[in-house]
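Spelled out, the chains give:
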Protein chains: 2
Amino acid sequence: MNESEFLQSYRKDAYDRPSVTVDLVLLTIRDGSLQVLLTRRQEHPFQGRLALPGVFVGTEETLDAAAERALSQKTGLSGIYFEQLYTWGAPDRDPRMRVISVSYCALVPWESIAHPNRESEFFPAQDMAEASDLAFDHAQIIRYALERIRNKVSYTDIAFSLVGEEFTLPELQKVYEIILGTPLYKANFRKKIAEQIEETDKMATGGKHRPSRIYRKKG
Amino acid sequence: MNESEFLQSYRKDAYDRPSVTVDLVLLTIRDGSLQVLLTRRQEHPFQGRLALPGVFVGTEETLDAAAERALSQKTGLSGIYFEQLYTWGAPDRDPRMRVISVSYCALVPWESIAHPNRESEFFPAQDMAEASDLAFDHAQIIRYALERIRNKVSYTDIAFSLVGEEFTLPELQKVYEIILGTPLYKANFRKKIAEQIEETDKMATGGKHRPSRIYRKKG
């Protein structure tokens, strides 16, 4: 059955109520860039295309529970805290029928998600946000997630979750720069985060650079 | 037909797909407090109870369009920009059937919404957030909206939309205090907003107080 035959058979079963899915935008920093976890679609529509991991919401399932299920079924991962991002409802966003998607987003350290199953893989998030060949409106959802994360990094402490409990200021600055997608002036950066951090009595040595003071987030 | 008879008849028609609604949290400042627009439900379930204005999303309708329609049909108002707030999907949140609600929120000057239709009325938002007799999970949605607005007032310029183009600092401080629900120290407040405002060459006179400098938002 090709995609157009599939879609014709599908419409016969369509009700006048929408179906609801959850889709996950799982972001991490890896190899110096923000990356997003995608799966390759096994079925129509968009068979063979890259897509966000997602599932249809079950009749008796909360949205959060559906997000957890999407994570484990589609990526083999678990135990990641997702925040609701935005709900997408353009009537033609799914060629099968009306499907409303509640998207969820998480930004987590690479170490905690390094081993998804074989169907899932990380891709540079900015490239995927601009890609024209992703399934559904998933490139748009990734664009929205990146915009949200860039806003949030300025007024929340999400960047700290990516550096571990103790860090040097160059490490923390690098996380901000990767998320914002732009280099920052050292002096401005340090002034801006000064109130959120405190010195430890440790120094980081090694590498080609001179030792850096190790900091931690203020309690 | 009483509510339990109604619900029994309703379930016969239930599909295994959810219905989707939009619900609006329209907030304003009036009489020195944050108020929310509610309508009294004409039908089961929760007949006679106060509820957020809302509609079922039409088959060919975007979520944003449904929000506009809810506003005009339920309140008689129009032309208000709503932001999506959160999507609510607890399986038992509606006694009829599975209904997922996409909530929208707006915070606008009282003058622009002073005349809703007779079915709608403003109520103190904090009281409604704590009320136990609102329809559905609408008290919870109002709680969430208030929390979001209180966060946003610290890192966005939403407070300025409630004072007009020119304002005195006591007026602006009052808006912050009403939204945050707590008095602020004048010196701290002025230090915090200093970068966002600029002086005009005008003074506000009248009233019992000495004249106040008039400010505007920085371009």
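Residues numbered from 1 in each chain as written. Chains lettered and ligands numbered in written order. Predicted model: local features only at pLDDT ≥ 70, side-chain atom pairs only at ≥ 80, totals over all residues. Heavy atoms only, no water.

Quick look at unusual backbone geometry
- The amide bond that connects His44 of chain A to the next residue, Pro45 of chain A, takes the cis arrangement and shows omega of -15°.
- Its place among the elements puts Pro45 of chain A in the loop between β2 (33–40) and β3 (50–51).
- The phi dihedral of Phe46 of chain B falls on the positive side, at around 60°, and the residue is not glycine.
- Here Phe46 of chain B lies in the loop between β2 (33–40) and β3 (50–51).
- Of note, the phi angle at Phe136 of chain B is positive, near 50°, even though the residue is not glycine.
- Tracing the backbone through its elements, the reader meets Phe136 of chain B in the loop between α3 (125–130) and α4 (138–155). (Helix = DSSP H or I, 4+ residues; strand = E, 2+ residues; numbered from the N terminus.)

Thoughts on the layout of surface pockets
- Taken as a whole, the largest pocket holds about 1100 Å³ of empty space.
- Contributions of two or more residues to the lining of the largest pocket are made by β5 (83–88) and α4 (138–155) of chain A together with α2 (63–75), β5 (83–88) and α4 of chain B.
- Around the second largest pocket, the lining is made up of 20 residues, and of these Ser154, Lys192 and Glu195 of chain A together with Ser154 and Lys192 of chain B lie nearest the centre.
- Of all the secondary-structure elements, those providing two or more residues to the lining of the second largest pocket are α4 and α6 (186–193) of chain A together with α4 and α6 (186–193) of chain B.
- Residue composition of the lining of the second largest pocket, by class: 8 nonpolar, 6 polar and 6 charged. (1 Å grid on protein atoms, 1.4 Å probe; cavity = no way out; pocket = protein on both sides within 12 Å on 5 of 7 lines; lining within 4 Å. Points joined across faces, edges and corners; volume = space filled by probe spheres on them. Nonpolar A, V, L, I, M, F, W, Y, C, P; charged D, E, K, R; others polar.)

Overview of the packing of helix α5 (residues 169–180) of chain A against α6 of chain A
Residues and elements named next belong to chain A.
- Where α5 meets α6, the closest approach of the two axes is 11 Å, and the angle between their N-to-C directions is 95°. One way to sum up the angle between α5 and α6 is to call them roughly perpendicular. Contacts between α5 and α6 involve Leu169, Pro170, Leu172, Gln173 and Tyr176 on the former and, on the latter, Lys186, Phe189, Arg190 and Ile193.
- Here the residues of the contact of α5 with α6 are counted per class, giving 6 nonpolar, 1 polar and 2 charged. (Axes fitted to C-alpha atoms, helices over the stretch in contact; angles between N-to-C directions. Parallel < 35°, antiparallel > 145°, perpendicular 65-115°, else oblique. Contact = heavy atoms within 4.5 Å.)

Quick notes on the interface of chain B and chain A
- Between chain B and chain A, the contact holds 27 residues from the first and 26 residues from the second.
- Carbon and sulfur atoms supply 56% of the area that chain B and chain A bury against each other, a total of about 2300 Å² over both sides.
- In this assembly, chain B and chain A are joined by 0 salt bridges.
- Inspection of the region where chain B meets chain A yields 12 residue pairs in polar contact (both at pLDDT 80 or more).
- Top contributing element to the side of chain B that touches chain A by residue count: β5 of chain B, with 4 residues.
- Class assignment for the residues of the side of chain B that touches chain A results in 13 nonpolar, 7 polar and 7 charged. (Buried area = accessible area lost by both parts, 1.4 Å probe. Salt bridge = Lys/Arg side-chain N within 4 Å of Asp/Glu carboxyl O. Polar contact = N/O pair within 3.5 Å; in protein donor to acceptor, adjacent residues only side chain to side chain.)

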